[in-house]
There are 2 protein chains.
Amino acid sequence: MNVTKVRSSTNTYKVYIGEGLLEDLKSYLPKKYTSIMIVTDSMAGSYYLDKAKKGLAGEKVVATTIPAGEKSKSIQTFYNLHTDALNYGLDRQSLILALGGGVVGDLAGFVAATYMRGIDFIQVPTTILAHDSSVGGKVAINHEQGKNMIGSFYPPINVVYDVSTLFTLERKEIRSGYAEIAKEALIADRIFFQSLMEIDLFDLSNDQLASQIGRGVEIKASIVEADERESGVRKHLNFGHTLGHALESMLGYGEWTHGELVAIGMLFALRVSEDVFGTTLPYTQLHSWLRKNDYPLNLPDFEVQQIIEKMKIDKKTIGRSIQMVLLRDVGAPVTVQVDDNDMVRYLKSFMNDLKKI
Amino acid sequence: MNVTKVRSSTNTYKVYIGEGLLEDLKSYLPKKYTSIMIVTDSMAGSYYLDKAKKGLAGEKVVATTIPAGEKSKSIQTFYNLHTDALNYGLDRQSLILALGGGVVGDLAGFVAATYMRGIDFIQVPTTILAHDSSVGGKVAINHEQGKNMIGSFYPPINVVYDVSTLFTLERKEIRSGYAEIAKEALIADRIFFQSLMEIDLFDLSNDQLASQIGRGVEIKASIVEADERESGVRKHLNFGHTLGHALESMLGYGEWTHGELVAIGMLFALRVSEDVFGTTLPYTQLHSWLRKNDYPLNLPDFEVQQIIEKMKIDKKTIGRSIQMVLLRDVGAPVTVQVDDNDMVRYLKSFMNDLKKI
Ligand SMILES: NC(=O)c1ccc[n+]([C@@H]2O[C@H](COP(=O)([O-])OP(=O)(O)OC[C@H]3O[C@@H](n4cnc5c(N)ncnc54)[C@H](O)[C@@H]3O)[C@@H](O)[C@H]2O)c1
Ligand SMILES: NC(=O)c1ccc[n+]([C@@H]2O[C@H](COP(=O)([O-])OP(=O)(O)OC[C@H]3O[C@@H](n4cnc5c(N)ncnc54)[C@H](O)[C@@H]3O)[C@@H](O)[C@H]2O)c1
Ligand SMILES: [Zn+2]
Ligand SMILES: [Zn+2]
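First, a word on scope: everything that follows refers to the structure included in this document. Model, not experiment: these values are computed from the prediction.

**Quick look at the coordination of the zinc ion (ligand 4)**
Residues and elements named next belong to chain B.
Here's step 1: Note on the zinc ion (ligand 4): its protein donors are Glu 180 (OE), His 241 (NE2) and His 258 (NE2). The metal-donor distances range over 1.9 to 2.1 Å.
Here's step 2: Written as a sequence motif, the donor residues of the zinc ion (ligand 4) are E-x60-H-x16-H. In this pair, Glu 180 is assigned in helix 5 (residues 171-188) and His 258 in helix 9 (residues 258-277), connecting sequence segments 78 residues apart. Here the two residues Glu 180 and His 258 agree in accessibility, since each one is buried.

So this is what it looks like as structure tokens:
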């Protein structure tokens, strides 16, 4: 088992990563709770809710299931979960346990943060992407006008990551999660990046999953420990996200997964980095790894000007030039202002390149 | 001007209490903000919104007004304020300023706590009761099933208390606020209590208001500093609230104010304390002060059993005996379990006494 400690401003929690942890879920509870409410979604729950309940045998456990998908990160579902918690009689000594991907984690975490002004919660991630969302203490729901607009910083008490749950994931969800691991490698660890470029995403062992997710968690943890509130280095985690988020909002959170679009965003960021710093970066290597693993790279024909507008709305920089995370080298990220004219040029040539290959 | 420092687990803030502070509101901003959103209600806003805006001349200020009254502490108004904040373009460097009583403070504070995961907020209380709600960092909205069920601990950056706003308060609101000041005196300061018993609530000077609110704030501050999360001494602030809250929920948050019912609850707690500790407490003194200041003491004929049930729901102690804060002496509070049989007896004799006088 891989264990990483994460220090937050309010507590220190551990991320346990290994095989079959669900079976023994109870042993990761730090204390006796009056009751435990599992929050899961229709998909993760159909596979793992019974297992989780078994792992908690002897505890007073109730469960509530939300519809799978980003739409559940809404004010309505948030309020409904509060209603469930009240109906089940949860008190200040109760626990909320999030069993699912980033959607369940973000939502259930925000409910825990605000139920009677905050009760304990434990993350039990069941997607690869959730290695990212379960560490760092950000919890939130969406506003109609923007993702994650309503939320808080509320670290979990523990993260219990059973990698054996990951084998039921759809391929696009595996790609989505691994794009974030590749991102962590690119901004922090050249050797790790090289080793990632050798794997086949659809032929992974439990051990590989545990060790690669573990390394991703370590990188994320060290960054959020240095800058919990995102005033400095935490911004580096946005590598690939300037274009990624813009594409996501244009494509509407459905067909394409978050990580698949971040992957394209990373290719773009590598290209811009090469130009800005006059250096050579592993663009081609990443590109062919993405193709090998069936990442979709065939974007629709967007207007460059429209992309730039979306980038600005996302970063709330209307009128000013866009901030982007670039790499001087693998493992050496920097935040750079890119002015609009340059951005137009970069985007045009990148979209062309992408079509060619 | 009276200034009290309050240390919370995340920051230290100051409570400024004095006359005419609104006129110079700008000087209490700790830094330059990109924009300021004032949240106020229809009543407080009609009197003081223009003054507050003038006091902030030169800043980028927007304002949003909610309907006066407890009903506004709802999930709908909460979401609407987030929408307003997004429409006005508030960013992480913006400020929310709560101009009003406890309703505005609790609600706007919770919006600030959750807007983009937390932005600065300043409390500008305009009721006497808000001396209580603006200190201690509790912010919340109500759930249909219970008051303050959804919220967090989120201390303000500053509290700016202009006592000249208090002269437009309705009489029952003055009574409501002073009941909490009397409570603070009873649990912490005998001399202060005696001095309170000499005042006429409807003939107060700015200086009296500032010094009495100031002493109340000091007492509350020292208690919440010792126990922010209410695991121990903070419970003492519930003196008078066991019966007070039960009556409030039976009478439905309308005609009677919170403090008026807490006042009756304090009389009850004094009676029980006298019996439990075999001592004499200033029941009669408080009672005649309440009458002199027109506190309503004519409760409807409630079933004792019904009151007890409400007490248990409020404290979530179904099945177990009720915890009450009692006084060994003025200034010496203790938390005590009162079993159901005793409670019946105490309530019956208290309700009778209350009718007689
Ligand atoms: N808090 C943070 O720091 C942070 C960081 C990154 C992303 N996020 C958030 O995370 C969310 C995305 O997370 P996600 O990609 O995990 O999405 P998700 O939770 O929607 O999961 C993706 C899909 O996989 C299904 N699923 C989950 N576990 C499964 C399993 N074991 N087997 C089969 N199917 C399974 C889900 O039902 C869903 O349909 C977004 O809302 C994003 O904003 C948060
Ligand atoms: N956060 C805490 O620790 C805490 C503590 C105690 C109470 N509270 C909360 O505070 C709320 C009650 O506060 P409140 O009594 O101030 O209620 P309130 O905010 O509703 O104000 C009472 C009435 O006075 C009006 N008003 C406000 N300022 C005025 C002024 N200067 N002149 C004339 N009218 C004015 C309001 O419009 C309202 O109608 C409750 O929701 C309670 O839960 C919170
Ligand atoms: Zn991401
Ligand atoms: Zn009160």
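That shown, we press on.
**Describing helix 8 (residues 241-251) of chain B**
All names here are of chain B.
Here's step 1: Counting buried positions along helix 8 gives 8 out of 11 residues, so the element sits mostly inside the fold.
Here's step 2: Among the residues of helix 8, His 241, Thr 242, Leu 243, Gly 244, Ala 246, Leu 247, Glu 248 and Met 250 are the ones counted as buried.
Here's step 3: Gly 252 lies just past helix 8 and shows a positive phi near 80°.

**Some points on the pattern of salt bridges**
Think of it this way: side chains of opposite charge can pair up when their charged atoms draw near.
Here's step 1: In this structure the tally under the stated criterion is 38 salt bridges over all chains.
Here's step 2: Between Asp 353 of chain A and Arg 271 of chain A there is a salt bridge, with its nearest N and O atoms 3.2 Å apart. Remark: Arg 271 of chain A occurs in helix 9 (residues 258-277) and Asp 353 of chain A occurs in helix 12 (residues 340-356); sequence separation between them is 82 residues.
Here's step 3: Judged by its relative accessible area of 30%, Arg 271 of chain A is partly exposed.
Here's step 4: Of the charged contacts, one joins Lys 312 of chain B and Asp 340 of chain B as a salt bridge, the two residues approaching to 2.7 Å between their closest N and O atoms. Taken together, the residues span a long stretch of sequence, with Lys 312 of chain B in helix 11 (residues 304-315) and Asp 340 of chain B in helix 12 (residues 340-356) at a distance of 28 residues.
Here's step 5: Note on Lys 312 of chain B: relative accessible area 11%, which makes it buried.
Here's step 6: Accessibility expressed as a relative area gives 29% for Asp 340 of chain B, which makes it partly exposed.

Rules used in this analysis
Residues numbered from 1 in each chain as written. Chains lettered and ligands numbered in written order. Predicted model: local features only at pLDDT ≥ 70, side-chain atom pairs only at ≥ 80, totals over all residues. Heavy atoms only, no water. Donors = N, O, S within 2.8 Å, 3.2 Å for Na, K, Ca; no water. Helix = DSSP H or I, 4+ residues; strand = E, 2+ residues; numbered from the N terminus. Buried < 20%, exposed > 50% of the residue type's maximum accessible area, 1.4 Å probe, protein only. Salt bridge = Lys/Arg side-chain N within 4 Å of Asp/Glu carboxyl O.

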